[in-house]
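Report on the structure
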Amino acid sequence: MAGVGGTAVQDHVALAEIELCGELIIAASAAEDRLSLESIDEVLRVAEERGSAEV
């Protein structure tokens, strides 16, 4: 059993991926039909990433 204390390790990339998956699940559950590729890109903020990479 793990001891109690400050031994927790945070993987920021994994946490970001989990957050994005959660946002996709929320968007999919709110949609009446399947999400389009454009909708998925919007939820994942793909266009924002491309825009900041081009600068």
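Basis of the calculations
- Residues numbered from 1 in each chain as written.
- Predicted model: local features only at pLDDT ≥ 70, side-chain atom pairs only at ≥ 80, totals over all residues.
- Heavy atoms only, no water.
- Helix = DSSP H or I, 4+ residues; strand = E, 2+ residues; numbered from the N terminus.
- Buried < 20%, exposed > 50% of the residue type's maximum accessible area, 1.4 Å probe, protein only.
- Areas by Shrake-Rupley, 256 points an atom, 1.4 Å probe, with all protein chains shown as cover.
- Axes fitted to C-alpha atoms, helices over the stretch in contact; angles between N-to-C directions.
- Parallel < 35°, antiparallel > 145°, perpendicular 65-115°, else oblique.
- Left-handed = near helix turned anticlockwise from the far one by under 90°.
- Contact = heavy atoms within 4.5 Å.
- Nonpolar A, V, L, I, M, F, W, Y, C, P; charged D, E, K, R; others polar.
- Salt bridge = Lys/Arg side-chain N within 4 Å of Asp/Glu carboxyl O.
- pLDDT = per-residue confidence, 0-100.

1. Details of the overall build of the protein
Of the regular secondary structure elements, the protein holds 3 helices and 0 strands. Going from N to C terminus, the protein has its helices and strands arranged as α-α-α. Scored against the burial criterion, the 55 residues of the protein give a buried share of 5%. Only carbon and sulfur atoms are counted for the fraction: they give 59% of the accessible area of the protein, which is about 5,100 Å².

2. Examining the packing of helix α1 (residues 12–30) against helix α2 (residues 37–44)
A packed helix pair is summarised by two numbers, namely the angle formed by the two axes and the spacing between the axes. Contact geometry for α1 and α2: axes closest at 9 Å, N-to-C directions at 135°. Relative to α2, α1 is oriented oblique. Of the two possible hands of crossing, α1 and α2 adopt the one that is right-handed. When α1 is examined against α2, the residues L20, E23, L24 and A27 are found in contact with a partner set consisting of I40, V43 and L44. In the contact of α1 with α2, the residues fall into 6 nonpolar, no polar and 1 charged.

3. With respect to the pattern of salt bridges
Pairs can form between side chains of opposite charge whenever their charged atoms are close. Counted under the stated rule, the structure contains 1 salt bridge. The partner of R45 in a salt bridge is E23, and the shortest N-O contact between them spans 3.1 Å. Taken together, the residues span a long stretch of sequence, with R45 in the loop between α2 and α3 (46–54) and E23 in helix α1 at a distance of 22 residues. Assessed through its relative accessible area of 33%, R45 is described here as partly exposed.

4. As for the environment of A27
Assignment of secondary structure puts A27 in helix α1. Remark: the alpha-carbon pair of A27 and S39, spanning 12 residues in sequence, is separated by 8.7 Å. Residue contacts for A27: discarding those within four places in its chain leaves L35 and V43.

5. Here's the deal with the confidence of the model for the protein
Looking at the protein as a whole, the pLDDT averages 82, with 71% of positions reaching at least 70. Mean pLDDT in the protein bottoms out at α3, which sits at 67, and peaks at α1, which reaches 94.

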